[in-house]
Amino acid sequence: MALINYASREINSKIVYYGPGLGGKTTNIKYIYTKLNPSIKGKLISLATELDRTLFFDFLPVDLGTIRGFKTRFHLYTVPGQVFYNASRKLILKGVDGIVFVADSQIERYDENILSNENMKENLEAHNLVLEKIPLVLQYNKRDLPNITSVEELQKILNSSNKYAFFESVATQGIGVFETLKEICKLVLKTLA
Amino acid sequence: MTEGLNIFEEDFWAITDALNRLLQGTNARTILLIDKAGQLITSVGDTARLDTSSFATLSAADFAATSQLASLIGESKFSTLFHQGERENLYVCLIADRVILAVIFDQRTTLGLVRVKAKNTAAELERIFSDIFSKLQKETVAKHIDTSFTKAAEDELDRLFGP
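Here is what the cut-offs are and how they apply
- Residues numbered from 1 in each chain as written.
- Chains lettered and ligands numbered in written order.
- Predicted model: local features only at pLDDT ≥ 70, side-chain atom pairs only at ≥ 80, totals over all residues.
- Heavy atoms only, no water.
- Contact = heavy atoms within 4.5 Å.
- Buried area = accessible area lost by both parts, 1.4 Å probe.
- Salt bridge = Lys/Arg side-chain N within 4 Å of Asp/Glu carboxyl O.
- Polar contact = N/O pair within 3.5 Å; in protein donor to acceptor, adjacent residues only side chain to side chain.
- Helix = DSSP H or I, 4+ residues; strand = E, 2+ residues; numbered from the N terminus.
- Axes fitted to C-alpha atoms, helices over the stretch in contact; angles between N-to-C directions.
- Parallel < 35°, antiparallel > 145°, perpendicular 65-115°, else oblique.
- Nonpolar A, V, L, I, M, F, W, Y, C, P; charged D, E, K, R; others polar.
- Core = buried A, V, L, I, M, F, W, Y, C linked by side-chain atoms within 4.5 Å.
- Buried < 20%, exposed > 50% of the residue type's maximum accessible area, 1.4 Å probe, protein only.
- Expected span 1.5 Å × (residues − 1).
- Pairing = 2+ DSSP bridges.
- Phe/Tyr/Trp six-rings, centres within 6.5 Å; stacked < 30°, edge-to-face > 60°.
- Lys NZ or Arg CZ within 6 Å of the ring centre and 35° of its normal.

*Asks:* Is there a simple way to explain the interface of chain A and chain B in this structure?
*Replies:* Think of interface size as the accessible area that goes away when the parts come together; that is how it is often given. Taken together, the contact pairs 47 residues of chain A with 46 residues of chain B. With both sides pooled, the region where chain A packs onto chain B buries about 4,100 Å², and carbon together with sulfur makes up 68% of that total. Counting across the chain A and chain B interface gives three salt bridges. Of the charged contacts, one joins K186(A) and D158(B) as a salt bridge, the two residues approaching to 3.2 Å between their closest N and O atoms. Viewed at the interface, chain B and chain A are joined by 13 residue pairs in polar contact (both at pLDDT 80 or more). Every element with two or more residues in the side of chain A that touches chain B is listed here: strand 1 (3-5), strand 2 (10-18), strand 3 (45-48), strand 4 (54-67), strand 5 (70-78) and helix 5 (177-192) of chain A. Per element, the largest residue contribution to the side of chain A that touches chain B is nine residues, and it comes from helix 5 of chain A.

*Asks:* For this particular structure, what's the right way to read the packing of helix 1 (residues 25-35) of chain A against helix 5 of chain A?
*Replies:* When two helices pack together, you describe them by how their axes are tilted relative to each other and by the distance separating the axes. Residues and elements named next belong to chain A. For the pair helix 1 and helix 5, the least separation of the axes is 10 Å and the interaxial angle reads 95°. As the angle between them shows, helix 1 and helix 5 are arranged roughly perpendicular. Residue-level contacts link N28, Y31, I32 and K35 of helix 1 to V177, F178 and L181 of helix 5. By residue class, the composition of the contact of helix 1 with helix 5 is five nonpolar, one polar and one charged.

*Asks:* I keep staring at the nonpolar core and nothing clicks. Help me out?
*Replies:* Soluble globular proteins tend to bury their nonpolar side chains together. Grouped together as the largest cluster of nonpolar side chains are 36 residues, with contacts concentrated most on I15(A), I32(A), L76(A), L181(A) and F149(B). Mapped by element, the contributors of at least two residues to this core are strand 2, helix 1, strand 4, strand 5, strand 6 (98-104) and helix 5 of chain A together with helix 4 (147-161) of chain B. Sorting elements by how many residues they give to this core places helix 5 of chain A first, with eight residues. Setting aside anything within four residues of it in sequence, one finds I15(A) in contact with F74(A), H75(A), L76(A), Y77(A), G98(A), V100(A), I184(A), C185(A) and V188(A). Counting 31 residues, the second-largest nonpolar core is a separate cluster that includes I15(B), V44(B), V103(B) and I132(B).

*Asks:* When you look at helix 2 (residues 52-72) of chain B in this model, what are you seeing that I'm missing?
*Replies:* Side chains that are three or four residues apart share a direction in an α-helix, a result of its 3.6 residues per turn. Between its first and last C-alpha atoms helix 2 of chain B spans 30 Å; for 21 residues at 1.5 Å apiece the expected length is 30 Å, and the two agree. Just beyond helix 2 of chain B, the residue with positive phi is G74(B), at close to 85°.

*Asks:* It is not clear to me how the side chain of E156(B) should be interpreted in this structure. Could you clarify?
*Replies:* Secondary-structure assignment places E156(B) in helix 4. When sequence neighbours within four positions are dropped, the list of residues in contact with E156(B) reads L64(A) and I67(A).

*Asks:* Can you help me understand the pairing of strand 4 of chain A in this one?
*Replies:* Each regular strand carries side chains that alternate between the two faces of the sheet. Residue and element names in this part refer to chain A. For strand 4, a buried count of 10 out of 14 residues is recorded, marking the element as mostly surrounded by other parts of the structure. Sheet analysis places strand 3 next to strand 4, joined by three bridges and oriented antiparallel. Of the residues in strand 4, the one forming a bridge with I45 is F59. As consecutive antiparallel partners, strand 3 and strand 4 are separated by five residues, and within that stretch D52 has a phi angle of approximately 70°, a positive value.

*Asks:* Quick question: what am I supposed to make of the packing of aromatic side chains here?
*Replies:* Aromatic ring pairs are described here by two measures, namely the spacing of the ring centres and the angle between the planes. Inspection of the entire model under this criterion finds 13 aromatic pairs over all chains. Measuring from ring centre to ring centre gives 5.0 Å for F59(A) and Y77(A), while their planes differ by 50°; the resulting arrangement is tilted. With a gap of 18 residues between them, F59(A) in strand 4 and Y77(A) in strand 5 connect regions that are remote in the sequence. Each member of the pair F59(A) and Y77(A) is classed as buried. The rings of Y6(A), F70(A), F8(B) and F149(B) are connected pair by pair, giving a single aromatic cluster. Of note, K14(A) hangs over the ring of Y77(A), and the distance from its end group to the ring centre comes to 4.6 Å.

Note that all results are geometric; they support no functional claim without further evidence.
Laid out in structure tokens, this is it:
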């Protein structure tokens, strides 16, 4: 639900990082925060537990500057990945314009990726949204670890129709982080025109 | 495209006018209008010391979480929220089921006055937003965002995030 204000000439869009717990969603946002020029980023808000697990969400506003007279902003959110925080996940999806699904490549997290993907579709439906109409980018994270599922297999379970762009990443090192962000931003911008 | 909220000049000025009258009528410090997805629509009053983006996001999250609490105890919603601080207070209410009005005020006014005046403003804003929503549903809103905007924005993304 992009907000376009023709009087103040502002466009705000909401991008949500979704995926299983401990998959690297917050790591993505934190890396973006550390690397962006202070002039284009706002304050990073993390509503997390004492153990640094996301409790409600992380939030980072990114300012693209003035494009054709419109101040263009992306609001990046993460959801809490842990299964029992579903009520929070559902709330964060309200008004979403684009989704990054961060999958955990580790073999032992195989099922969690599938469950989280299904959960995402259910929660979108709760907002009367269908995945087919929302820009989505997949990120296969933790590619540096030894015990990982192949990209082909991840594609099979999360992107069987090969409809969505995907990126391999190592979010802790920033590999693939900005490529993913740029792609989802571009897809969201296309929906505005 | 997902369901969007487009606000045009005349609606925006009508909204700002209503908020300014509320600000003056209550002697509140700051008033913000936020959509339920957490995006700031506009604000009036003193915003110099306030991170309005963060405030908008957290207010929407607060309201959403509280609405879920309401449903857990069998209420359809809590239509207003009040947070009391030592110096500053926050009064929040929902308008037209989609927009959140947040009033920040201190000891220069009272909760009672804010509540009464905000109720009047809420009714006025409800009319304005009902018009906006029906306009968005009925008419094909002329696209001011065209492919040249998309191209320019993509170029800017490449410049900021690398090619």
